[in-house]
Amino acid sequence: FTTTTETVYVKISVNSATSGESIIIDNVSVREMPVIKWAPHNLLSYSEEFDQSWWSKLRASVTANQILAPDGTTTADEIIEDTANGTHGLVRGSLGVTDATMAVFAKQNTRSSIRVIDQSGNGALFDLSDGTVISTTSGFTSLMTPVGNDWYLCSVSGTFVDNGIVIGLLND
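About the thresholds
- Residues numbered from 1 in each chain as written.
- Predicted model: local features only at pLDDT ≥ 70, side-chain atom pairs only at ≥ 80, totals over all residues.
- Heavy atoms only, no water.
- Core = buried A, V, L, I, M, F, W, Y, C linked by side-chain atoms within 4.5 Å.
- Buried < 20%, exposed > 50% of the residue type's maximum accessible area, 1.4 Å probe, protein only.
- Helix = DSSP H or I, 4+ residues; strand = E, 2+ residues; numbered from the N terminus.
- Phe/Tyr/Trp six-rings, centres within 6.5 Å; stacked < 30°, edge-to-face > 60°.
- Lys NZ or Arg CZ within 6 Å of the ring centre and 35° of its normal.
- 1 Å grid on protein atoms, 1.4 Å probe; cavity = no way out; pocket = protein on both sides within 12 Å on 5 of 7 lines; lining within 4 Å.
- Points joined across faces, edges and corners; volume = space filled by probe spheres on them.
- Nonpolar A, V, L, I, M, F, W, Y, C, P; charged D, E, K, R; others polar.

1. Brief notes about the nonpolar core
Soluble, globular proteins show a tendency: their nonpolar side chains are buried together.
So, step 1. Membership of the largest hydrophobic core comes to 24 residues, with the highest contact counts inside it found for Ile 114 and Cys 154.
So, step 2. Listing elements by their share of this core, those giving two or more residues are β4 (60-67), β7 (99-107), β8 (113-118), β9 (123-127), β12 (151-159) and β13 (165-170).

Okay, here's the thing in structure tokens:
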């Protein structure tokens, strides 16, 4: 590749076979065209509002906006366990994806461990008291990143069974 002083122009034409509409962009310098990059994005609705009915509560309730979140706003929700035996936490059904990264910001309160899994049990278990990953399903990867003020970003990546996700609280 050699740099020249010449300007290269492109013409892009997009036609819709069904509607007959077209868009033409002409006389655009390649040097002026924006770079288009894929960026990770959130596939979850209400990902910062666990009190919404979109999230099923499993032997638990949620109180919204209880403490400072990692971004410094008072928007962190508290998950409160009921007295029934079993897993406590949040559940969301099928998301329509299998190869994914599931991640949640978490901070220790009355429980020191959190599980981020699909409903078949694939995922990871995180220790919020010392910032370590306790266990990860074979074939998956997990990471626990401190983000300040005792918050952690707990993430797990792999090929999940598309039957939903569970964010569960565990006994100490």
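Still to come is the rest of the account.
2. Brief notes about the packing of aromatic side chains
So, step 1. In the structure shown here, the tally under the stated rule is three aromatic pairs.
So, step 2. Both rings, one in Phe 50 and one in Trp 55, keep their centres 5.1 Å apart while their planes meet at 80°; by these two values the pair is edge-to-face.
So, step 3. Judged by its relative accessible area of 14%, Phe 50 falls in the buried class.
So, step 4. Using a relative accessible area of 2% as the deciding quantity, one classes Trp 55 as buried.
So, step 5. Ring geometry for Trp 54 and Trp 55: centres 5.2 Å apart, planes at 80°, overall edge-to-face. Comparing Trp 54 with Trp 55 shows no difference in burial state: the two are buried.
So, step 6. Counting every residue linked through ring pairs, the aromatic cluster contains Phe 50, Trp 54 and Trp 55.
So, step 7. For the cation-ring pair, Arg 92 lies above Trp 54, with the distance from its terminal atom to the ring centre recorded as 3.9 Å.

3. Re the layout of surface pockets
So, step 1. Its boundaries defined by the atoms lining it, the largest pocket holds a volume of some 1300 Å³.
So, step 2. Looking at the largest pocket, it is lined by 45 residues, and the ones nearest its centre are Ser 47, Phe 50, Ala 103, Val 104 and Phe 105.
So, step 3. Taken together, the elements giving at least two residues each to the lining of the largest pocket come down to β4, β5 (76-81), β7, β8, β12 and β13.
So, step 4. Per-element tally for the lining of the largest pocket: the top contributor is β7, with eight residues.
So, step 5. Grouping the constituent residues of the lining of the largest pocket by class yields 28 nonpolar, ten polar and seven charged.

Note that all results are geometric; they support no functional claim without further evidence.
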